[in-house]
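Here is what each chain is made of, one letter per residue.
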Amino acid sequence: MSISASNEKPTDRILIVDDDEMNRAILANIFEPYYVIDEAEDGKAGLDMILSDKERYCAVLLDVMMPNMNGIEVLRELKKADLLNKIPVFLITAEANNDTLHEAYHLGVMDVILKPVTPFVVLRRIDSVVELFKARKVLGDRVIQQDIELLEKAQQIIELNHGLIEALSTAIEFRNGESGEHVRRIHDITQFIFENTELGDGMSSEEIQNIALASIMHDVGKIAIPDNILGKPGRLTPEEFEIMKTHTTQGGELLDKIPQLKDSGVYSYAYDIARHHHERWDGRGYPDKLKGDEISIWAQVVSIADVYDALSCKRCYKDAFPREKVVRMIKDGECGTFSPRLLEAFFSVEDTLAGFYSKKEETA
Amino acid sequence: MDTEKKQRLHDAGIDVADALGRFMGNENMLEKFLGKFTQDKNYSALVEAFDKGDPEAALTASHTLKGVCGNLSMSALFEILTEQVRLLREGDFDGAKALMGSITEKYTEIISVING
């Protein structure tokens, strides 16, 4: 309304339900300057009007003793329809005996006002509640809107993070003379294996997303490897290989220095994968010579994905191998040793993984 | 409504100022409902209910009449009817019937003032 804004044409609507003409006229006369008034002559008619448009009324004034459904019965129906917490209902009654009062309040009536009414009292009591409900609704709508905006912002930030991580990793791959496709495929292979084999059993989809995102950063340490080693065609000397091996530890150190990453669910996976994706099941990998299940399952998966991708594509030191040769080399342990469990899971989906490579560009 | 009529209504037990307040100062509205009061069937229904010995009909009529009297600030009549409704609710039919004398007296006085 309302009382405060009485110069404006009223838009808020009140329903008066009373079988007595004079009661309706008195109430209508009081509220007319501030509200649009609808009237119903018995309980059933009033209930139908409320139910036919649940947004229509900002308050209902309800008589108790009426033919064709009394006020308490109307309250019961409104309670059933879960409307009493959305529309304030006021009982306007001549006799407020205890049983009636008790049931009315128990059902959720907003207030009970005694007849004969005193205009300024009834006006003020109802207006305060209407204002309260309106404020609450506006506030509720605003909170919902803000929640939606916050979620959208959070989603944008997550997408931006992914973009930055991919951009950084791709930049490093470019130095390596490769396209950005490598990190993208490692991400996809890692995610696919965890989503489609028993290795991912018990993992939430969020956990798998984090691992896949972390896999993108497995080679970030290569940023610290000199160009002449990183881009060298053919075999590295033992000294050069020692330097090359430090991309694992340097990768871990680099990730460790990004405070925003340390706070996220990706960090522990990213650090572990960067440092340990060259460990071997037989303990002859680097840098920590971890053995068997000392190597986390995500580092193991990224490790096999990395080997598979390297073999399947042309590199500065080699051509792409045909799929049959790639599969045989991994099975024969020519490119590292992997756990039987990992190999089994990997080859159970290798058919699909092979489809990640478009024949024209990537495979021989 | 002239001052003299207001005074006569007041003398018959109607708190005119209070009633006008309820009608937000609208004298036409008050006069309209005072006029309707003379046509109201509840008083005769009340008399008939006691004649027939029908407590339920008596309660309905007494309660409704009481509501009308309350709205019109017929304080004296309202108070007696309030008492009658209370007795009828408690099941004291004879006690309620005993109030009919003073109810009729007040009612008749008011009707004649309104009509006069």
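A brief look at the structure comes next. Bear in mind the structure is a predicted one, so any value in this text is a computation, not a measurement.

Some remarks on the overall build of chain B
Of regular secondary structure, chain B possesses eight helices and zero strands. Tracing chain B from N to C terminus, the helices and strands come up as α-α-α-α-α-α-α-α. Rg of the C-alpha trace for chain B: 14 Å, near the compact-globule value of 13 Å for 116 residues, within the 12% margin. When its C-alpha atoms are laid out on the principal axes, chain B stretches across 40 × 25 × 20 Å. Across the 116 residues of chain B, 45% fall into the buried class. The contacts in chain B between residues at least 6 apart in sequence include a share of 63% that link residues at least 24 apart.

Notes on the nonpolar core
Side chains that are nonpolar tend, in soluble globular proteins, to be buried together. Judged by nonpolar contacts, the single largest core of 63 residues is most densely connected at F31 and I126 of chain A together with F37, L72 and M74 of chain B. Core analysis: the second largest hydrophobic core is formed by 46 residues, I216, A305, I330 and A354 of chain A among them.

Describing the pattern of salt bridges
Tallied over the entire structure, the rule returns 34 salt bridges over all chains. The closest approach of N and O atoms between D256 of chain A and K262 of chain A, which form a salt bridge, is 3.0 Å. Residue classification places K262 of chain A among the partly exposed positions, given a relative accessible area of 40%. Of the charged contacts, one joins R86 of chain B and E83 of chain B as a salt bridge, the two residues approaching to 2.8 Å between their closest N and O atoms. Placement of both R86 of chain B and E83 of chain B in helix α6 (residues 75-89) is noted, with a separation of three residues, approximately one turn of the helix.

With respect to the environment of I295 of chain A
All names here are of chain A. With respect to the element layout, I295 can be found in the loop between α12 (267-276) and α13 (297-312). When the C-alpha atoms of I295 and E279 are compared, they prove to be 7.2 Å apart, with 16 residues separating the residues in sequence. In contact with I295, not counting residues within four places along its chain, are H276, E279, R280, W281, L290 and Q300.

Brief notes about the sheet that holds strand β4 (residues 89-93) of chain A
Strand pairing in a sheet relies on backbone hydrogen bonds. The paired strands run either parallel or antiparallel. All names here are of chain A. Here we have five strands laid out as an open sheet, ordered β2-β1-β3-β4-β5, and parallel in their pairing. Each of the sheet's edge strands pairs with one partner strand only, and the pair in question is β2 (36-40) and β5 (111-114). Across this sheet, the average inter-strand angle for adjacent strands is 20°, counted without regard to direction. Note: β4 against β5, four bridges, orientation parallel. Residue pairing across strands places F90 opposite D111, the latter belonging to β5. This element, helix α1 (residues 21-31), spans β1 (13-17), β2, β3 (59-63) and β4 of the sheet and lies at about 170° to β2.

So, the packing of helix α2 (residues 43-52) of chain A against helix α3 (residues 71-80) of chain A
Residues and elements named next belong to chain A. Look at α2 against α3: their axes get within 9 Å of each other, and the N-to-C directions meet at 20°. The angle between α2 and α3 places the two elements in the roughly parallel class. In this structure, the crossing between α2 and α3 has a hand that is right-handed. Between α2, through G43, L47 and I50, and α3, the contact on the second element is made entirely by V74, E77 and L78. Of the residues contributing to the contact of α2 with α3, the split by class is four nonpolar, one polar and one charged.

A few points about the interface of chain A and chain B
Bring the parts together and some accessible area is lost; that lost area is often taken as the interface size. On the chain B side, the residues contacting the 14 residues of chain A number 18 residues. Between chain A and chain B the total buried area reaches about 1,500 Å² when both faces are included, carbon and sulfur atoms providing 61% of it. Looking at the side of chain A facing chain B, the largest losses of area belong to M22, E95 and P116 of chain A, adding up to 36% of the total buried there. Viewed at the interface, chain B and chain A are joined by one salt bridge. In this structure, E21 of chain A and K36 of chain B form a salt bridge, with 3.0 Å as the shortest nitrogen-oxygen distance. Joining chain A to chain B, the criterion identifies four residue pairs in polar contact (both at pLDDT 80 or more). In terms of residue count, α1 of chain A provides more of the side of chain A that touches chain B than any other element does, seven residues in total.

Calculation rules
By convention here, each chain's residues receive numbers from 1 onward along its written sequence. Key to labels: chains lettered from A, ligands numbered from 1, both in the order written. Reporting of local features is limited, given that this is a predicted model, to residues whose pLDDT is at least 70; pairs of side-chain atoms are given and counted only at 80 or more, and all residues count toward the totals for whole chains, interfaces and linings. Think of the side-chain values as coming from all heavy atoms in the structure, minus any hydrogens and water. Strands here mean DSSP runs of E at least two residues long; helices mean DSSP runs of H or I at least four residues long; both are numbered from the N terminus. Only the C-alpha atoms count toward the radius of gyration. The rule for a globule is 2.2 Å times the residue count to the power 0.38. Burial status follows relative accessibility: with a 1.4 Å probe on protein chains alone, a residue under 20% of its type maximum counts as buried, one over 50% as exposed, and anything between as partly exposed. Throughout, a contact is declared for two residues whenever any of their heavy atoms are within 4.5 Å. The set of buried Ala, Val, Leu, Ile, Met, Phe, Trp, Tyr and Cys residues whose side-chain atoms join them within 4.5 Å is what this entry labels a nonpolar core. The working definition used for a salt bridge is a side-chain nitrogen of Lys or Arg within 4 Å of a carboxyl oxygen of Asp or Glu. DSSP calls a pair of strands paired once it identifies at least 2 bridges connecting them. Note on definitions: angles span 0 to 180 degrees between N-to-C directions of axes, and those axes are lines fitted to C-alpha atoms, for helices only across the stretch in contact. The labels follow the angle: roughly parallel below 35 degrees, roughly antiparallel above 145, roughly perpendicular from 65 to 115, and oblique for the rest. Left-handed is the label given to a crossing in which the near helix is rotated counterclockwise from the far helix by less than a right angle, and right-handed is the label when the rotation is clockwise. Put simply, Ala, Val, Leu, Ile, Met, Phe, Trp, Tyr, Cys and Pro go in the nonpolar bin, Asp, Glu, Lys and Arg in the charged bin, and everything else, Gly too, in the polar bin. Note on definitions: buried area is the accessible-area loss of two parts on being combined, 1.4 Å probe, summed for both. The term polar contact refers here to a pair of N or O atoms within 3.5 Å; inside protein, the definition further demands a hydrogen-donor-capable atom paired with an acceptor-capable atom, and it admits residues adjacent in sequence only when both atoms are side-chain atoms.

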